[in-house]
Amino acid sequence: MRGTLWLAWRQQRALIGCGAVVLLAAVVLAAYSRAGMVEDLRSGLFDGCDPGPLYCTRSPDGLPRFLDVEPLRLLGALNLALPVLVGMFWGAPLLGRDRELGTHRMILSQGVGRAQWFASRFALAALGTTALSGSLALLFRWWWEPAVNRSYGVFWYEATALTGSGPSLVAAALFGLAAGTLAGLLARRVLSAAAWTLLVTGAVAVLVQWTHRARLLVPPQRYVSDGWRPKEPMGDKWSTGHYGLITGSGRRDSVLECPYPSGRELRECMTGHGYVSRYYEANPAGDYWAFQWTDTALLGGLALVLVLVTVLLLRRRV
């Protein structure tokens, strides 16, 4: 195994070096930008801002106040694209390069088994992928902390935060690596494998975002307020956009039946239609971890399945 690991290192050291450079650049940018965010917060400009989605304004023009969080969102966008990049540029050539050039035959003819040939390459790539994605996820979390769930910052349910941080990013990157590796084994051409990897990982990324928006795997909670009294503030919850009214018998109707925020008109309308309470549906901020672990289980499970399929196909394809 020592010889195959050395060969795997020789073949992947350029990619590992590129990953280290990207991580170092992200750390420098994060340190510089976060220092500016903390300085702005300590200046007192945002002391009057309440948590939640309502913007706090500045005087005298009344425009919303924002921290400079665009660099943070840029890191989140990089993290969103990381599984695709890992799959295309690390996973696809992992076996596909040797298959395309025919060098795998020379390696296997020297007493190296197929399982050893695969294990040495994939283990090193998986270790590098885990280190890179885990570091970027932790970096995003540290950078995000001063502006978490504030109107002038980034909310937990934004795609750059929900998908671009936490353990689900590591699982997604490993899925991209596994998808690219299997594509390289099947396609025999690195370019074709990269194209198939882009298609598959992109489709899965869109599917994951759809499950988030549809609340398919993490259902929202229903918040009910009796009568026409003010509803519980939305705060840092992630609203589904579903608002409604409840009758004494428990029937739920659209809020458009009484489209008044509060006051005498709402009270008269609810009394006239027999409504006794109002409700809205939303996910609380604590569901961030429910989304994280659900995505981690889903993507990690898919990655494991792809690795097992690759192992089973080694004897037939190599």
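These numbers were taken from a predicted model, which means no experiment stands behind them.

**A look at a nonpolar patch on the surface**
And then number 1: Together, Leu-207, Trp-210, Leu-216, Leu-217, Leu-298 and Leu-302 give the surface a local cluster of nonpolar side chains, amounting to about 550 Å² of exposed area.
And then number 2: Counting only elements with at least two residues in the nonpolar patch, the list comes to helix H7 (190-214) and helix H9 (287-317).
And then number 3: By the element assignment, Leu-207 lies in helix H7.

**So, the confidence of the model for the protein chain**
Low-pLDDT stretches of the model should not have their predicted coordinates read in fine detail.
And then number 1: Taken residue by residue, the protein chain gives an average pLDDT of 87. The fraction at 70 or more is 90%.
And then number 2: The element-level mean pLDDT for the protein chain is lowest in helix H3 (residues 103-108), coming to 59, with H7 highest at 96.

**Brief notes about the environment of Trp-156**
And then number 1: Tracing the sequence through the fold places Trp-156 in the loop between helix H4 (114-144) and helix H5 (159-162).
And then number 2: A relative accessible area of 1% places Trp-156 in the buried class.
And then number 3: With 132 residues separating them along the chain, Trp-156 and Tyr-288 place their C-alpha atoms 6.7 Å apart.
And then number 4: Not counting the four nearest positions on each side in its chain, Trp-156 is found in contact with Trp-144, Asn-149, Ala-161, Leu-162, Asp-236, Trp-238, Asn-283, Pro-284, Ala-285, Asp-287, Tyr-288 and Phe-291.
And then number 5: Within the structure, the side chain of Trp-156 is placed 2.7 Å from the backbone oxygen of Asp-236, a separation counted as a polar contact.

**Description of the side chain of Glu-281**
And then number 1: Topologically, Glu-281 is positioned in strand S4 (residues 275-283).
And then number 2: A distance of 2.9 Å separates the side chain of Glu-281 from the side chain of Arg-222, its partner in a polar contact.
And then number 3: Contacts of Glu-281, omitting those with residues within four sequence positions, involve Pro-220, Gln-221, Arg-222, Ser-239, Thr-240, Gly-241 and His-242.

**Thoughts on the pattern of salt bridges**
And then number 1: Within the structure shown, the criterion is met by 6 salt bridges.
And then number 2: In this structure, Arg-73 and Glu-70 form a salt bridge, with 3.1 Å as the shortest nitrogen-oxygen distance. Of this pair, Arg-73 and Glu-70 both sit in helix H2 (residues 70-101), separated by 3 residues, roughly a single helical turn.
And then number 3: Salt-bridge contacts for Glu-281 lead to Arg-222; the nearest nitrogen and oxygen are separated by 2.9 Å. Taken as a pair, Glu-281 in strand S4 and Arg-222 in strand S1 (residues 221-226) lie far apart in primary sequence, 59 residues in all.
And then number 4: By relative accessible area, Arg-222 is classed as partly exposed at 39%.
And then number 5: Through salt bridges with shared partners, a single ionic network connects Glu-70, Arg-73 and Glu-158.

**Quick word on the sheet that holds strand S3 (residues 252-254)**
And then number 1: One open sheet accounts for 4 strands, arranged S1-S4-S2-S3; its pairing is antiparallel. In the strand order of this sheet, the two ends are held by S1 and S3, each with one partner. Pairwise comparison of adjacent strand axes, ignoring direction, gives a mean angle of 35° for this sheet.
And then number 2: As defined by bridge partners, S1 adjoins S4 across 6 bridges and the pair is classed as antiparallel. By the bridge assignment for S4, Gln-221 is matched with Ala-282.

**Re helix H8 (residues 264-273)**
Three or four residues apart is the spacing at which side chains of an α-helix point the same way, because the helix has 3.6 residues per turn.
And then number 1: For H8, the set of buried residues is Leu-266, Cys-269 and Met-270. Down the axis of H8, the smallest arc covering the buried residues is 95°, so these residues share one side. Projecting away from the buried face of H8 at angles above 90 degrees are the exposed residues Thr-271 and Gly-272.
And then number 2: On its buried face, H8 is in contact with strand S2 (238-247) and S4.
And then number 3: Gly-274 sits one or two positions beyond H8 and adopts a positive phi of about 80°.

**Some details on the nonpolar core**
And then number 1: In terms of nonpolar packing, the biggest core is built from 56 residues, with Leu-67, Leu-75, Leu-82, Phe-122, Trp-144, Trp-156 and Leu-177 touching the most fellow members.
And then number 2: Secondary structure elements with two or more residues in this core: helix H1 (2-42), H2, H4, H5, helix H6 (167-187), H7 and H9.
And then number 3: Take this core: its biggest share by element is 12 residues, from H4.
And then number 4: Here Phe-122 is in contact with Leu-94, Leu-177, Ala-178, Thr-181 and Val-307, once residues within four sequence places are set aside.

Rules behind the numbers
Residues numbered from 1 in each chain as written. Predicted model: local features only at pLDDT ≥ 70, side-chain atom pairs only at ≥ 80, totals over all residues. Heavy atoms only, no water. Patch = residues over 30% accessible without salt bridge, like charges linked within 9 Å, V, L, I, M, F, W, Y side chains within 5 Å. Areas by Shrake-Rupley, 256 points an atom, 1.4 Å probe, with all protein chains shown as cover. Salt bridge = Lys/Arg side-chain N within 4 Å of Asp/Glu carboxyl O. Helix = DSSP H or I, 4+ residues; strand = E, 2+ residues; numbered from the N terminus. pLDDT = per-residue confidence, 0-100. Buried < 20%, exposed > 50% of the residue type's maximum accessible area, 1.4 Å probe, protein only. Contact = heavy atoms within 4.5 Å. Polar contact = N/O pair within 3.5 Å; in protein donor to acceptor, adjacent residues only side chain to side chain. Pairing = 2+ DSSP bridges. Axes fitted to C-alpha atoms, helices over the stretch in contact; angles between N-to-C directions. Arc of directions from axis to C-beta. Core = buried A, V, L, I, M, F, W, Y, C linked by side-chain atoms within 4.5 Å.

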